[in-house]
Each structure stands twice: as C-alpha cells, then as structure tokens.
Amino acid sequence: MSRVLLPRSVARFNKAVNNRVQGIWAPYLPPWAVIVHRGRRSGREYRTPVNAFRSGDRLVIGLPYGADSDWVRNLLAEGRGGVERMGRVSRISNPRVLDESDADELPGLAQYAVRYMDVLVADIDRAI
C-alpha cells in the first residue's frame, strides 16, 4: 500500500485545474518538471507536472498522493517515459517506487522525504 501525504480530493483538483496551468511553466522552472507517459489502456500520451530533482543520472520525485496515482501506474507499467526539465527533454527508464526501507539508496533530501511519502526514482537515459 502506498503512503499518502495529501488527500485524493487535492489530487483530483490539481489534475483538473492546477496541472493545466502548471504545465505551461513547469518544464522550465526548477524544481518543477513534466513527466511524459502513455496511458495503460488508452495508449494516449499524457503530461503531468511534478516536483523533481536530479541526483547524478537519476530523477527523484516525491509522491505526496501515493504510488497509486495514474501517472505513476502508467510510468511503471510502460517501464519508460520522458521528462521535460529546465527546458530540456530526456528519456527516463527503470522507474521504481522506493519507501523508507530503501532510504539508503536515495540522496540526502530524499532520505528525509521518504519518511513521509513514497519516492519515485528513474534513470535518466539521455537528452532527446
């Protein structure tokens, strides 16, 4: 079971309202990024703004709504996706959700965040 920091009502509101606005500037303004992923059933491409930071060749994203969010499930099912961050587009692969038991694999700030919520980590392959 994923650990949820914020209620699903906030997630629904953000998906319907805030994501549309944040999607305009999120690819350019750190710590924001946009995750590009395909729907599990529809195959449609989606773009989801998130707070993310890079640690070496890994992208680290906190999951305040839990690992059951649609974009997380889509990314895990596909096993790859894309990220638009600081005006650059990169491919990501090997996404995985880490919890507190995996804290030693995470950089400093993420070790603190994982106490309260799950964290998604993906490998950054290369710029497109």
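For the structure, see preceding data.
As a further point, take the environment of V121. Relative to the helices and strands, V121 resides in strand β6 (residues 118–127). Look at V121 and you get buried, because its relative accessible area is 0%. Remark: the alpha-carbon pair of V121 and D68, spanning 53 residues in sequence, is separated by 15 Å. Apart from residues no more than four positions distant in its own chain, V121 is found in contact with R58, L59, V60, N94, P95, R96, L98 and L106.

Right, let's talk about the packing of aromatic side chains for a bit. Scanning all chains against the criterion turns up two aromatic pairs. Here the aromatic rings of W25 and W32 are separated by 5.4 Å at their centres, their planes lie at 90 degrees, and the arrangement is edge-to-face. Ring geometry for Y112 versus Y116: centroids 5.5 Å apart, planes at 65 degrees, classification edge-to-face. For Y112, a relative accessible area of 46% puts it in the partly exposed group.

Conventions adopted
- Residues numbered from 1 in each chain as written.
- Predicted model: local features only at pLDDT ≥ 70, side-chain atom pairs only at ≥ 80, totals over all residues.
- Heavy atoms only, no water.
- Helix = DSSP H or I, 4+ residues; strand = E, 2+ residues; numbered from the N terminus.
- Buried < 20%, exposed > 50% of the residue type's maximum accessible area, 1.4 Å probe, protein only.
- Contact = heavy atoms within 4.5 Å.
- Phe/Tyr/Trp six-rings, centres within 6.5 Å; stacked < 30°, edge-to-face > 60°.

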